[in-house]
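Take a look at the letters that make up each chain.
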Amino acid sequence: SFCEASDWFVLVCKFDRHIMPLSALVHSFNAYFGKFLLVQGPAGRYLPRNPSVQERFNHFSRSMVTSFDGKSFCQLCELLPNLKKLFPLLADSQKYKKQNNAAGNTTTDYEDCMIASIAQSDNTRASFSSPGAVGSGNHRLSHLLHVMFQAICSGGHPVVFVAEDLHWSDPFTVDVLGDFVQTAALCASNNLSAEQEEPKGSLLLVGSYRDNEVSADGFLVEQIKCMEQSKRNVNVTRLCVGELRYHEINRMLSFKFCLPMRHTVELSRLVHHKTRGSPIHIVEFLRSIIQRNMMSFSVKSRRWVWDDASIEIQMISEGVVELLTRKLQQFPHDVIETLKVVACFGQVSETTLKILDLGQFVPDMQETLDLAIKEGIIEKAGPIFAFSHDMLQESTYNLIPIEERKPLHKKIGFSLVQEMVGATNPELCRLAVGQINTCQDVGSILNPMERALFARLNLTAGKHSIAASSYEQARGYLEAGISLLHAKAWVKQYPLCLELHEMSVVASYMGGNVETVSSRLDVILSNAKSFDDSLNSRVLRSKFLVSQAQYAESTNELLGILSHFGEEFPKDACLAHVKSEIKATQLMLKDVTKESILDLPTMTDVRKMNAMKLMGRELVLLPLGHSGGRNS
């Protein structure tokens, strides 16, 4: 998580086309916090590694405490489990206080100070969990990540953020990275003192992408331009690693093999011809001919030697992908089968592979993975296995015959589902539905019962994603669940169908997908069997209308709901009506004390309670001056 020599924090985020960009970004932060952990100490607490890390940890902790209120910190812990492990008591300080007072538990003075700080400042910091307009969920999540990154940068230690394969990212994630750069520039300016030559808390963002995968006017290029034009202390350097020309390859080989350039001319020609100048494939090509003993170091001649003719004859593949596939096909059968399974995930955790290692795929998956790591096909970062390059993953996936891909995804999905019996595991749930959702025309591989099962699992995965503020991902799960429903789902699967549509509206509303909100609300309101079944959707529609500045329509919607609960309002309500009602209420409460109100029995009428909630929570969303055409 940091470089000892230069005192830099290091975060690595690798984007992948099979993984939601936001999930990859969140995973990088979760992995970063996980590297602070070594062992689990007393009372379940995790302890930092060493004094050097402890100092950095203390800087970061103080910054986190002064940046979040308690509710927002808990929401962030939901998104980043390792953060909760670092601050188990801070994640639920109110619960800690009650347990501590009852049981006489003690913690360190440092933790007590932090908990007290959060408790005292909850009233002064902005809360990020209040409802807002369409898209507010994404804005809130962006702000949470923004504030957290600001806390990291303000700890007095510079940060390196490595973002690989940005061509697989999306506009929202790229905007978040842009905010990180602006935040770091501001923090560096604030931390710079007169005695310092360089500001502490600086950020070095190293991003890589394929320019042939990115349009010249796309969101990524536009964000880079914004950084270049920033008025803050942001320096942007572009390094274009394109296809190497023949003479560039010759210069590189001459330097690497410590030989004059005239000795590597023919080899350079072969390398350029076989790899088309792609740097990653040049390295792969050279490894290949060395492993085949076509190139070796001669002790007698004290130099590298090779046979140009042998290389040209043996390496008959002219396509780069074919070259990589050829190497993969040389592995033992069990290794290839393991790589096929990993290719279905993109990247996969050690825990997931242990679940899959049941003999139904390969006898010993761990042993085959070790060989793949040794050969450089797979990389292991902590508990995560991933291909060392996305083209290797694509080549491996292409080894699976087209007719076998859907059955393999289904087999993996059901293997994960079997492990979920009797237990709720959000990660397994997301992985299982991900395997099924990847398949096009998924109905061809699932029977009606299986379709219903994965529709429910998509609903569960969607709820977990909403809880983690990943609304676009949640919408994907929920829409996939809807697509798995029966053709007559509103008749044969009514409860499941209703809940999937309602949660899709929630995820779309929070993520700012206006088209989905409108279409799904229309479907629900036209198919709901009763007013109570449509209540949640009616309330959501009123909020949606407010966000679209349709205040009169929203007011009419809410007043219609209140009328159903027995709370009627005058059709020609005006300011005089309001004054009259206020005077009547004051007269009614003239001799009533606060104590007498507190002694009243608890309200039990569900209709009245729902009406109170609506009037207390929803009507306040309407701006003053808009009351459905009535005088206010």
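Everything quoted here is computed from the prediction, not taken from an experiment. (Residues numbered from 1 in each chain as written. Predicted model: local features only at pLDDT ≥ 70, side-chain atom pairs only at ≥ 80, totals over all residues. Heavy atoms only, no water.)

Asker: Would you explain the overall build of the protein chain in this entry?
Answerer: Helix and strand content of the protein chain: 30 helices and 11 strands. In the protein chain, buried positions account for 44% of the 632 residues. Once local pairs closer than 6 in sequence are excluded, the contacts in the protein chain between residues at least 24 apart make up 66%. When the accessible surface of the protein chain is totalled, it reaches about 33,300 Å², and 54% of it is carbon and sulfur. (Helix = DSSP H or I, 4+ residues; strand = E, 2+ residues; numbered from the N terminus. Buried < 20%, exposed > 50% of the residue type's maximum accessible area, 1.4 Å probe, protein only. Contact = heavy atoms within 4.5 Å. Areas by Shrake-Rupley, 256 points an atom, 1.4 Å probe, with all protein chains shown as cover.)

Asker: Can you walk me through the packing of aromatic side chains in this structure?
Answerer: The description of an aromatic ring pair uses the distance of the two centres, along with the angle that the planes make with each other. Inspection of the entire model under this criterion finds 12 aromatic pairs. Residues Phe-29 and Phe-149 carry aromatic rings whose centres are separated by 6.2 Å and whose planes lie at 85° to one another, so their mutual orientation is edge-to-face. Here the residue Phe-29 occupies a position in helix α1 (residues 21–34), and Phe-149 occupies one in helix α7 (residues 136–153), the gap between them amounting to 120 residues. Accessibility classification places Phe-29 together with Phe-149 in one group, the buried group. Residues Phe-414 and Phe-454 carry aromatic rings whose centres are separated by 5.2 Å and whose planes lie at 80° to one another, so their mutual orientation is edge-to-face. (Phe/Tyr/Trp six-rings, centres within 6.5 Å; stacked < 30°, edge-to-face > 60°.)

Asker: Sorry if this is basic, but what is going on with the side chain of Thr-368 here?
Answerer: Within the secondary structure, Thr-368 sits in helix α17 (residues 365–374). By relative accessible area, Thr-368 is classed as buried at 9%.

Asker: Which parts of the structure should I look at to understand the sheet that holds strand β9 (residues 347–349)?
Answerer: Two modes of strand pairing occur in sheets, parallel and antiparallel, and in both the strands are linked by backbone hydrogen bonds. As summarised here, the arrangement of the three strands in space is β9-β11-β10, forming an open sheet in which the pairing is antiparallel. Since the sheet does not close on itself, it has two edges, and those belong to β9 and β10 (378–381), each with one partner. With direction set aside, neighbouring strand axes in the sheet form an average angle of 25°. (Pairing = 2+ DSSP bridges. Axes fitted to C-alpha atoms, helices over the stretch in contact; angles between N-to-C directions.)

Asker: What's the story with the packing of helix α15 (residues 333–345) against helix α19 (residues 402–418) in this structure? I'm lost.
Answerer: Helices that pack against each other are described as a pair by the angle of their axes relative to one another and the distance between those axes. Axis separation between α15 and α19 bottoms out at 11 Å; the angle between their running directions is 80°. Relative to α19, the element α15 lies roughly perpendicular. Residues Lys-340, Val-341, Cys-344 and Phe-345 of α15 lie in contact with α19, whose contacting residues are Leu-408, His-409, Ile-412 and Leu-416. Split by residue class, the contact of α15 with α19 holds six nonpolar, one polar and one charged. (Parallel < 35°, antiparallel > 145°, perpendicular 65-115°, else oblique. Nonpolar A, V, L, I, M, F, W, Y, C, P; charged D, E, K, R; others polar.)

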